[in-house]
Structure formats: structure tokens, C-alpha cells
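An overview of the molecular structure
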Number of protein chains: 2
Amino acid sequence: MDLAMIGKRIVKFEELGPEYLDRGTFFGDGVYEVIRSYDGHIFALEDHLARFARSMQEIGIQGLTIKEVRTRVFRAFMEADLPNAKIYFHVTRGSEPRNHTAKEGLKPNFFLTIGSAPDSSQDKEQGVSVSTFPDWRWKRCDIKSLNLLPNVLARMNAVKKNCAEAILVDDSGEITEGSGSAFFAIDAKRKELITRPLGHEILPSITRQHVIRVAEGTELKVVERAITPADAVQTDELFLAVTTKDIVPVVRFDGRLIGDGMPGLLTKILIDRFAVMVRRSQKSELSA
Amino acid sequence: MDLAMIGKRIVKFEELGPEYLDRGTFFGDGVYEVIRSYDGHIFALEDHLARFARSMQEIGIQGLTIKEVRTRVFRAFMEADLPNAKIYFHVTRGSEPRNHTAKEGLKPNFFLTIGSAPDSSQDKEQGVSVSTFPDWRWKRCDIKSLNLLPNVLARMNAVKKNCAEAILVDDSGEITEGSGSAFFAIDAKRKELITRPLGHEILPSITRQHVIRVAEGTELKVVERAITPADAVQTDELFLAVTTKDIVPVVRFDGRLIGDGMPGLLTKILIDRFAVMVRRSQKSELSA
């Protein structure tokens, strides 16, 4: 007789609910997004939905429209009534007995959580420490998939070193991005805002894209170039870009102080401009 | 209020069962094994348990002993009463609200399924077709983790081409292994059994190890060396090694016939010797 065990408990295989046969668990066969709201307004929802659509398409998940996802996100957001919310959602290819190949027409599983966004004010004021870790991820990091074990291992290593984030370094010794964030450096003399160019090696970060947009009105020139950890510690300012906290200054890199060990001036300007941009997007949303 | 959505259904976050907050689903933060029995005897159980222990250790999952896993496997095997069984089990780091870093002391989740092993007699008699796909996997394929999306994408691509398995090819143009199997070539003239050396690029396959063992009594010399697809199609015989089916001859590679398009003689000898070795291990188990 076909059986299953959940922990120590034996159950008949056919009595297993779909949550135990999720291809998300067996294979990480799914994609996800994290979105946040500021003061009752979801930020950059359409950007996130477009990326979600692309991720689904890249791995061939069908049967869930972006219109339906948008409706569900709004329903959850209304119901939760959290002005500064963090919204996570994923879709997996569906539930069925484990087999690498999925059954034709399998119904995808959608799952979402919504809670309060973390308060990042202290991180913004004091900056955070980061440490490097080898980039062990797969070759399609442009797809926001549920295969996140290398990210977990990197982050857990960073936390052990009392760091907030792991900065991933590829085989050629160059930084790709953070385990859950984009990575930026500022060369104050040359007025350069440096970040790795998009490609299969990094996620097309929505926050990265908006940071580049707010930098355009400053004296900073955006330079898309990979740098090494040795370059990074020589740079004047460093920061992370991540949906839940937007811009977070980095003040220590592999134990070395960056600048004077306090968030840099140009980073602060970008933080302020990002906040202004967020408020503007809310106004244009209201007047739309 | 913190909420979740399962499909279209909104639920309170605190009412979610642990199956919805499994780090296995959020991150693929877990490791697994597949074991089979022949005629009422589990084959190479200790080898699989040793690999499972190593996988757990490599990603730092604690709180589940191998002794306990062994007990659970036997309990399920007895209860299922399937002489030729396929046993799948995984452990994940546990269930908690999503966060890359796991809470200290989190209780791991164990899950197992048992059903009949597939009948591989037709595959063994007629051989199978395979096709190549880029190896997009992470840099620690020696860990048998739940991050299997690249394997799924490769296999789905192969099935679209009416092939049974995808053969993964790395950036340097060399074959690593199958998406769910080890890969072997036989040079009949030089009497060489060729397979890729172990390393972070491939899984330390238990079946591979036993194939090498049974080859030792033949005229074949085991050569651990990476080959290219161009080499493979020039080789006399090819086969896959996988727990559920042991040795499966490959008769077509990227559309090109291998040998005369029928399973090779030396492969057949290895299949027979493998079967003898399995029966011997059962006898030594009974007399132990």
C-alpha cells in the first residue's frame, strides 16, 4: 500500500492534502515576489507584477493570470489594513505525486502572506555590516525562483559573523549582489554610482531600478560595472537596495570600516530622494 | 492584521499550519534521498543514510538523528508491504514565518513517501533516448538538496523532445551528469568505463559507486574523466545509473544513434552483474 510519513505519523498516500505534494517543496518549482506599501500605498506594484509574469514565463508556469494576482494582492492588502505592509507571494507549478516532469494542465498553487514591514530607520541612520560569501547560486539568478538554499547558507554565514547581509562573490572574484538585496558603491571623487550590470547572474531588482532613477537627478553618474571586494572596501560609500527597506547604508565590509564608519553623505541624499519619489508616486496614484 | 492567502482563500496568519510555513517551500532549505528495495530487501540503505547525514551536515540541519531516520524508513517499509518499493524522504530545516535566517533550535520537518518502484525492464531491454541541456545548477551539486528547479527545467525540456532524461553540460562544454541520474560511457576498444570524477559539480551517486564496484570484476577499467557530448556520440555504449532503475542503457543521444541503436553488450553485462550483486547483498543481509 502506498503510504506517507509526516514526521513520525504514517498516513495513507491518497489521504495526503495538496500542501504535502507541492512541487514548491519537492523541487522549489515556483517563483515569488516581495512587495511593500508605504503609508497605505503599495509601491511599484506593476513593476513587481511584470517581473513575476516574466519569472513564471521563464519556468513555464501557466494557469494564473497577473490580473488575478493583482486582485488577490489588493484583497489581502485591504483586509489586512496595514499601512506599511510587507507582502510576500509565490506560485508553484502545483501539487501531484513527486515526478520531475509535471502533469499537463496542473493547477498552480498561489500563496501569500502580509504583515508589517520592518522598521528600517535604525539601519538607515547607523548603517549595517556585511560579509562576503561565495556565490553558489544557479546560472539563472534573473529568475526570482524558490531555489534559495545558497542564499540561506550565505545569510546564515553572515549572521554568524554579526553581519546583516552576505555579499556574494562569483568565481572570477567579482561581487554579484547581496543574498537578498542589490549592492551599490559610490566613488565620491569621480561622482560614480557603481552597480553590477543586469544579466543572468543577478536579479533584476526593482529597488535597484528605482535607485538608478532617483540618482539621475543628482550629480552622480550611474556606472554599471562589476567590482571586487578589494574595490568595495576602497570605495567611499556602499549600500544595499532591497524592497522592504529600500536603501540601507553599509558601514563595514568584511570587518573593514567604510569611510568614517557612518552612512555616507551621498547615500543619505539618495535615501531622501527615494522617500520623495515614493511620496510623489502616491500623489500621482491619488490623482490618477 | 497579519494575514495569508491560500489560493483565493484569506486566513489569519496565526491559523496557518506548519505545512504552509515550511522552509522547504520558501527556500528549498532541505535535503532528500530516494531508496529502493528489491524483492523485500532495501538496497544500500546505509550508503543512502550516510549521504543523507552528510547533506544535512553540509547545510547545518540538526535535530534529526540517522538512527531515527532508519527507524522511520523501516516502519514505513514494513507497513507498506511492497517488495519492490521506491522510498522518498526529505528533511527541511523546519517551519516558521519566512526569514532567510532560521530561528535557533527550530525543529526539522521529516516527510516520506513509499510506493511501488517503476518497472524498468522495458528501458533495460530497449534503451532510452537522452538530450543535452545546459547545467544551470548551483555550485554544490554534491549536496542532495531540494533546490531542483534547474533539474526540472532540464527534464521537462528532454521530455518535450521525447527523451527520457536530460544530460547536463557545463560551461566548459563537458557533461556533468543527468538531471536525475549519473552518466556513463563505455569505450569498447580501450575497455574503458568512463564517468565524471566526483566533485562539487555532481552528486556522489550511490548507484554510480555500485556500478563501479560491479565493473571491477570485468575487463573494463574505470576511468574518471569528463567527456563532451561530441565524445559521447562517438562512444560505443552509454548508460544512466539511477537508484530506482539501477542501469538504463542509452541508445540515442541528441538524436544520434549510439552503436547499432540497441543496448550495448558491455552494458548488458553490467546490468546482469548489478542484479547478481543485489541478490548477494540480500543473502548476506539474511545471514547477518
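Before reading on, note that the structure itself is shown above.
Values in this document were obtained by computation on a predicted structure and should not be read as measured data. (Residues numbered from 1 in each chain as written. Chains lettered and ligands numbered in written order. Predicted model: local features only at pLDDT ≥ 70, side-chain atom pairs only at ≥ 80, totals over all residues. Heavy atoms only, no water.)

In this section: the pairing of strand β13 (residues 237–242) of chain B. Residues and elements named next belong to chain B. Burial runs high along β13: six of the six residues are buried. The side-chain alternation of β13 yields two buried faces, one formed by Glu 237, Phe 239 and Ala 241 and the other by Leu 238, Leu 240 and Val 242. In this structure, the hairpin formed by β13 and strand β14 (residues 246–253) is closed by a connection of three residues. (Buried < 20%, exposed > 50% of the residue type's maximum accessible area, 1.4 Å probe, protein only. Helix = DSSP H or I, 4+ residues; strand = E, 2+ residues; numbered from the N terminus. Pairing = 2+ DSSP bridges.)

Residues and elements named next belong to chain A. For strand β14 (residues 246–253), the buried fraction is high: seven of the eight residues fall into the buried class. Alignment of strand β7 (residues 128–134) against β14, held across three bridges, turns out to be parallel. Its bridge partner lying in β14, Val 128 is registered against Val 250. Bridge analysis of strand β13 (residues 237–242) against β14 gives five bridges, and the strand direction is antiparallel. Residue pairing for β14: Leu 238 is matched across the bridge by Val 250. With two bridges connecting them, β14 and strand β15 (residues 256–257) associate as antiparallel partners. Directly across from Phe 253, in β15, lies its bridge partner Arg 256. From the end of β14 to the start of β15, which pair antiparallel, there are two residues, and Asp 254 there has a positive phi angle of about 50 degrees.

Turning to the pattern of salt bridges, a few remarks are in order. For the structure shown, the criterion picks out 40 salt bridges over all chains. With a closest N to O distance of 2.9 Å, Lys245(A) and Asp123(A) form a salt bridge. Taken together, the positions of Lys245(A) in the loop between β13 and β14 and Asp123(A) in helix α4 (residues 121–126) put the pair 122 residues apart, joining distant regions of the chain. A salt bridge links Glu33(B) to Arg51(B); the shortest N-O distance between them is 2.8 Å. One end of the pair, Glu33(B), is in strand β3 (residues 30–38); the other, Arg51(B), is in helix α2 (residues 45–59), with 18 residues separating them in the sequence. Neither Glu33(B) nor Arg51(B) differs from the other in exposure class; each is buried. (Salt bridge = Lys/Arg side-chain N within 4 Å of Asp/Glu carboxyl O.)

Residue and element names in this part refer to chain A. For the pair helix α2 (residues 45–59) and helix α6 (residues 206–215), the least separation of the axes is 10 Å and the interaxial angle reads 135 degrees. Accordingly, the angle class assigned to the pair α2 and α6 is oblique. In the packing of α2 onto α6, the handedness of the crossing is right-handed. Judged by residue contacts, Asp 47, His 48 and Arg 51 of α2 engage Ile 206, Gln 209 and His 210 from α6. In terms of residue class, the contact of α2 with α6 is built from one nonpolar, three polar and two charged. (Axes fitted to C-alpha atoms, helices over the stretch in contact; angles between N-to-C directions. Parallel < 35°, antiparallel > 145°, perpendicular 65-115°, else oblique. Left-handed = near helix turned anticlockwise from the far one by under 90°. Contact = heavy atoms within 4.5 Å. Nonpolar A, V, L, I, M, F, W, Y, C, P; charged D, E, K, R; others polar.)

What follows is about the relation of the copies chain B and chain A. Both copies of the chain are tied together by a single rotation about an axis and a shift running along it. After a rotation of 180 degrees and a shift along the axis of 0.0 Å, chain B superposes on chain A with an RMSD of 0.0 Å. Considering both components of the superposition, the chain copies are consistent with a two-fold axis. (Least-squares fit on C-alpha atoms with pLDDT ≥ 70 in both.)

Before going further, it helps to spend a moment on unusual backbone geometry. Residues and elements named next belong to chain B. Phi angles above zero are rare outside glycine, and Ala 44 is one such case at about 55 degrees. Looking at where Ala 44 falls in the secondary structure, it is placed in the loop between β4 (41–42) and α2. You will see that Asp 81, though not glycine, has its phi angle at about 55 degrees, which is positive. Following the sequence through the fold, Asp 81 ends up in the loop between α3 (66–80) and β5 (85–92). Taking relative accessible area as the criterion, Asp 81 reaches 64% and is therefore assigned exposed.

Bringing the interface of chain B and chain A into the picture now. At the interface, 65 residues of chain B touch 65 residues of chain A. In this assembly, chain B packs against chain A so that about 5,900 Å² is buried in total across both faces, 62% of it on carbon and sulfur atoms. Looking at the side of chain B facing chain A, the largest losses of area belong to Met5(B), His100(B) and Leu149(B), adding up to 12% of the total buried there. Viewed at the interface, chain A and chain B are joined by zero salt bridges. Linking chain B with chain A are 25 residue pairs in polar contact (both at pLDDT 80 or more), by the criterion used here. Among the secondary structure elements, those contributing two or more residues to the side of chain B that touches chain A are β1 (3–6), α1 (23–27), β3, α3, β5, β6 (109–116) and α5 (149–160) of chain B. Looking at which element gives the most residues to the side of chain B that touches chain A, the answer is α5(B), with eight residues. Classifying every residue of the side of chain B that touches chain A gives 33 nonpolar, 15 polar and 17 charged. Relative to β1(B), strand β6 (residues 109–116) of chain A is paired through four bridges, and the arrangement is antiparallel. Note that in β1(B) the partner of Thr113(A) across the bridge is Ala4(B). (Buried area = accessible area lost by both parts, 1.4 Å probe. Polar contact = N/O pair within 3.5 Å; in protein donor to acceptor, adjacent residues only side chain to side chain.)

Residues and elements named next belong to chain B. Following the sequence through the fold, Arg 54 ends up in helix α2. Relative accessible area serves as the criterion here: at 31%, Arg 54 is assigned to the partly exposed category. Remark: the alpha-carbon pair of Arg 54 and Val 31, spanning 23 residues in sequence, is separated by 9.8 Å. Those residues in contact with Arg 54, other than ones at most four positions away along the chain, are Arg 140 and Asp 142.

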